[in-house]
Amino acid sequence: MKAETPKTFDPKIWEQKIYQQWESSGGFKPAIDKKKRPYTIIMPPPNAYDKLHIGHALFVTLEDIMVRYHRLRGEPTLWLPGADHAATASQIFYEKKLRQEGKSRHDLGRERFNDELMQFMLEQRNTMEDQLRRLGASCDWTRKKFTLDEDVSQAVVYTFKKMYNEGLIYRGKRVINWSPKSQTGLSDLEVVHKEVEGELTSIRYPIKGGGEIVVATTRPETMLGDTAVAVHPRDKRYKDIIGKVVVLPLMGREIPVIGDEAVDIKFGTGAVKITPAHDPNDFEMGQRHNLEEVEVIDKNIKITKAGGKYAGMKAAEARDKIIEDLDKLGLIAGRKKFVHSVPHSERTGEPVEQLLSEQWFVKIEPLAKPAIEAVKKGKIKMIPKRFEKVYFNWMENIRDWNISRQLWWGHRIPVYYLESDRSKFAVAFDVQEAEKELGGKVVQDEDTLDTWFSSGLWPFTTLGWPEKTEDFKYFYPTTVMETGHEIIFFWVARMIMLGLYCTGEAPFELVYFNGIVRDKENQKISRSKGNIIDPMEMVEKYGADALRMGMMMGTAAGQDTHVDEDKIRAYRNFANKIWNAARFINIKSPDAKDVTDIKLGAEDKKMLDEFSGVAKDITKLMDKYDIGQAGDKLYQYFWHRFCDECIEEAKLRLEDDKTKDSTGAALNYILKNSLKLLHPFVPFVTEAVWQTLYQEEGLLLTQKWPAS
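One structure accompanies this document, and this report is about it. (Residues numbered from 1 in each chain as written. Predicted model: local features only at pLDDT ≥ 70, side-chain atom pairs only at ≥ 80, totals over all residues. Heavy atoms only, no water.)

**Some points on the overall build of the chain**
In step 1: Looking only at helices and strands, one finds 22 helices and 25 strands in the chain.
In step 2: Expressed as lengths along the three principal axes of its C-alpha atoms, the size of the chain is roughly 115 × 60 × 55 Å.
In step 3: Within the chain, buried positions represent 57% of all 708 residues.
In step 4: Pairs at least 24 residues apart make up 77% of the contacts formed inside the chain by residues separated by at least 6 positions.
In step 5: Accessible surface for the chain amounts to roughly 30,900 Å². Of this, 47% is attributable to carbon and sulfur atoms. (Helix = DSSP H or I, 4+ residues; strand = E, 2+ residues; numbered from the N terminus. Buried < 20%, exposed > 50% of the residue type's maximum accessible area, 1.4 Å probe, protein only. Contact = heavy atoms within 4.5 Å. Areas by Shrake-Rupley, 256 points an atom, 1.4 Å probe, with all protein chains shown as cover.)

**Let's talk about helix H10 (residues 387–395)**
In step 1: Among the residues of H10, those classed as buried are Phe 387, Glu 388, Tyr 391, Phe 392, Trp 394 and Met 395. Taken down its axis, H10 places every buried residue within 165° of arc, on the same side. In H10, the exposed positions angled more than 90 degrees off the buried face are occupied by Lys 389 and Asn 393.
In step 2: Its buried side turned inward, H10 meets helix H9 (365–376), strand S15 (381–383), helix H15 (488–503) and strand S23 (508–514). (Arc of directions from axis to C-beta.)

**Comments concerning the side chain of Thr 159**
In step 1: Looking at the secondary structure, you find Thr 159 in helix H6 (residues 150–165).
In step 2: Given a relative accessible area of 0%, Thr 159 falls into the buried group.
In step 3: Once residues lying within four places of it in the same chain are set aside, the contact partners of Thr 159 are Phe 453, Leu 457, Trp 465 and Cys 502.

**Re the environment of Ala 311**
In step 1: Note on placement: Ala 311 falls in the loop between helix H7 (280–289) and helix H8 (315–328).
In step 2: Sequence spacing of Ala 311 and Phe 642 is 331 residues, and the spatial spacing of their C-alpha atoms is 79 Å.
In step 3: The contact partners of Ala 311, leaving out residues within four places of it in the chain, are Ile 303, Thr 304 and Lys 305.

**Details of the packing of aromatic side chains**
In step 1: Inspection of every chain in the model, using the stated rule, returns 39 aromatic pairs.
In step 2: When the ring of Trp 452 is compared with that of Phe 490, the centres are 5.3 Å apart and the planes differ by 35°; the resulting orientation is tilted. You can see Trp 452 sitting in helix H12 (residues 451–456) and its partner Phe 490 sitting in helix H15, a full 38 residues away along the chain.
In step 3: You can call Phe 490 buried: its relative accessible area is 8%.
In step 4: Pairwise contacts between aromatic rings join Tyr 571, Phe 574, Phe 611, Tyr 635, Tyr 637, Phe 638, Trp 639, Phe 642 and Tyr 669 into one cluster.
In step 5: Above the face of the Trp 408 ring, Arg 105 is positioned so that its terminal group lies 4.7 Å from the ring centre.
In step 6: Lying over the aromatic face of Tyr 694, Lys 672 brings its terminal NZ or CZ to 5.1 Å of the ring centre. (Phe/Tyr/Trp six-rings, centres within 6.5 Å; stacked < 30°, edge-to-face > 60°. Lys NZ or Arg CZ within 6 Å of the ring centre and 35° of its normal.)

**Quick word on the packing of helix H18 (residues 565–588) against helix H20 (residues 627–655)**
In step 1: Running from N to C, H18 and H20 cross one another at 25°; their axes reach a closest spacing of 11 Å. Taken together, H18 and H20 sit at an angle that is classed as roughly parallel. Between H18 and H20 the crossing geometry is left-handed. Here Tyr 571, Asn 573, Phe 574, Lys 577, Ile 578, Ala 581, Phe 584, Ile 585 and Lys 588 of H18 lie close against H20, whose contacting residues are Tyr 635, Phe 638, Trp 639, Phe 642, Cys 643, Asp 644, Ile 647, Lys 651, Leu 654 and Glu 655. (Axes fitted to C-alpha atoms, helices over the stretch in contact; angles between N-to-C directions. Parallel < 35°, antiparallel > 145°, perpendicular 65-115°, else oblique. Left-handed = near helix turned anticlockwise from the far one by under 90°.)

**Section: the pattern of salt bridges**
Working definition: two side chains of opposite charge can pair if their charged atoms are close together.
In step 1: Here the structure, examined in full by the defined rule, presents 64 salt bridges.
In step 2: Between Asp 623 and Arg 73 there is a salt bridge; the shortest N-O distance is 3.8 Å. Here Asp 623, found in helix H19 (residues 602–623), pairs with Arg 73, found in the loop between helix H2 (54–72) and strand S2 (77–80); they are 550 residues apart in sequence, far enough to count as distant.
In step 3: Note on Asp 623: relative accessible area 42%, which makes it partly exposed.
In step 4: Across the pair Glu 396 and Lys 376 runs a salt bridge whose closest N-O atoms are separated by 3.7 Å. Note that Glu 396 is positioned in the loop between H10 and strand S16 (401–402) and Lys 376 in helix H9, a separation of 20 residues in sequence. (Salt bridge = Lys/Arg side-chain N within 4 Å of Asp/Glu carboxyl O.)

**Section: the sheet that holds strand S8 (residues 212–217)**
In step 1: Spatially, S8-S7-S13 is the arrangement adopted by the 3 strands of the open sheet, whose pairing is antiparallel. Each edge of the sheet is formed by a strand with only one pairing partner; in this case those strands are S8 and strand S13 (332–345). Ignoring strand direction, the axes of neighbouring strands in this sheet form an average angle of 20°.
In step 2: Note that strand S7 (residues 191–206) and S8 share 6 bridges and pair antiparallel. From the neighbouring strand, Arg 204 faces S8, where its bridge partner is Val 214.
In step 3: With respect to the sheet, H8 is in contact with S7 and S13, its orientation differing from that of S13 by roughly 160°. (Pairing = 2+ DSSP bridges.)

**Digging into unusual backbone geometry**
In step 1: At the junction of Trp 465 and Pro 466, the peptide bond is cis and its omega measures out at 15° in the coordinates.
In step 2: Summarising the element assignment, Pro 466 is placed in the loop between helix H13 (458–461) and helix H14 (470–475).
In step 3: The amide bond that connects Tyr 476 to the next residue, Pro 477, takes the cis arrangement and shows omega of 0°.
In step 4: Here Pro 477 is to be found in the loop between H14 and strand S22 (478–484).
In step 5: At Asn 290, a residue that is not glycine, the phi angle is positive and equals roughly 55°.

Keep in mind these values describe shape, not function.
Written out as structure tokens, the structure reads:
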């Protein structure tokens with residue numbers, strides 16, 4: 001006889017005990033079976049230093065549903081967990097911590113700073129991993145990775161060296177996005193453009209020999225570094241001026257008037273000042289016309305010595321003084337309010353400066369072409385499909401990737417310079433290799449690599465690449481990459497480009513995009529808005545199953561998810577409904593027979609046929625990754641059809657000696673198989689019921705999905 005089910009389901013009693021049973025059983029660890037095709041998800045690695053937020057709860061829920069479903073389908077299923085060193089964010093965070101202690105990273109020195117931060121990260125990672133467990137993440141902890149693990153770091157150096165040797169990584173002086181607060185360069189993807197109300201100033205540039213040309217600018221301070229004035233070659237207003245020389249106001253430097261197709265005839269006066277050292281478009285134009293690059297703003301956003309009498313001023317202060325001086329000379333042709341797009345650091349929120357800097361770059365075009373083809377030819381599918389258009393638009397207009405970061409924390413660029421002659425350098429795995437190649441003492445490049453460089457290698461370095469490990473040979477290419485659509489360019493595109501380049505194969509078959517988590521007022525959940533929902537607090541109050549249902553219900557791929565505490569609280573009742581339904585069936589039919597061993601009545605056959613149809617529909621929806629719809633259909637069936645109608649209608653049959661065995665067998669069959677269907681969505685309560693009623697059959701975690 002089955003044990004009597006306790007009257008209530010208490011998540012606090014069951015959840016941690018159940019998770020320990022799952023993990024210790026080895027049920028999360030797939031066996032390599034070459035007769036079967038694996039199902040693989042490499043976890044998007046959370047930042048190791050930080051606790052999980054509600055966005056993490058969304059991805060954990062979605063990915064755990066996917067892997068539990070495929071595990072129940074009998075597929076060797078690997079969900080590989082990991083953590084990210086998150087270079088910029090981690091260094092900013094830890095430096096803030098040091099400042100609170102009255103210290104700076106310079107007090108510690110680079111080596112000690114990195115050692116302390118590593119220790120801090122490893123301690124925090126343990127907390128983060130425990131939080132993943134609290135959410136029910138059924139990942140294979142025996143294979144967990146960190147982006148700074150020794151083997152991953154070696155793979156990063158291997159890739160850098162390979163790309164450098166093949167001409168895909170180069171060192172060059174180009175205009176980059178510079179973050180004054182972080183004191184580091186940023187890639188284009190780390191910059192957001194915001195509409196800002198500024199001022200458009202029109203300035204008269206005297207033409208040598210007589211006449212003038214008027215240029216319009218939102219940044220008068222950069223005129224100190226102008227090396228040309230440009231017009232469109234087909235602009236009739238200026239056809240006779242191209243090739244002439246103008247005298248740069250305030251500086252007295254003679255600069256040419258050039259014609260270039262990139263000039264927008266409709267902007268301002270149709271004539272623009274060209275400052276190659278402080279604007280990426282001007283830099284490209286300067287390269288075409290062999291213009292000088294005059295740097296007039298430094299990394300602290302002050303005017304350099306090249307700025308003449310304005311040297312040492314802050315750029316904003318210099319702007320006002322320059323306008324004042326131009327006005328005194330009668331060279332201001334007009335000023336008006338002007339709303340324009342200004343680049344800002346996504347992380348710090350400050351306006352970025354565009355400075356000329358020697359950095360390391362990845363030549364993107366050769367990598368982008370095969371990455372575009374992989375999606376066009378269907379080697380990689382995207383859900384929803386509409387994101388393919390977004391992907392193509394960006395990939396077809398991509399620029400070379402600045403991978404240098406002026407940070408201490410992260411993968412240090414594996415370039416070593418000969419100490420006696422810095423013009424000579426080697427790309428090497430370590431100092432010894434570099435010194436052997438260069439024949440003398442060396443110093444390593446001070447910069448670190450953009451975090452997204454190592455993250456772009458994540459789907460295969462986690463499996464042991466570049467070594468041909470058993471894991472790499474069996475689990476790569478992976479099956480699904482589930483992630484937020486807001487990092488399609490930051491991460492997804494780079495994983496595709498680097499995966500194809502490094503391994504010759506697309507890194508995954510499918511990209512499933514989730515949306516942004518919003519509150520019931522449709523506001524994005526964020527600290528700044530004060531509407532944070534702490535997932536651990538919700539688990540503590542209502543249980544992980546309630547949080548997971550609250551995250552998943554009503555959502556669809558690529559669409560934003562709406563969550564609030566009331567919604568989560570409501571789904572706690574669903575866990576209790578499952579528990580109470582199981583308790584009722586156990587009490588009324590504790591010795592239920594198998595449906596194949598008994599003659600079934602018409603009502604019970606009908607009930608079983610209906611369940612079979614539901615199981616078939618759920619399977620179809622799961623195979624199409626309609627996870628929210630599958631969860632909703634299952635919720636509606638189990639609560640409103642099975643509990644509210646089928647069980648109620650069966651109560652009289654359970655009291656009749658002629659029908660009680662048939663009805664008990666049918667109800668037990670539906671309950672047992674409903675637990676399997678429900679398990680990916682609400683794993684804790686379903687496992688708790690299973691262990692209470694069917695413990696002799698082992699863990700629900702490793703059962704078989706109902707045949708459909």
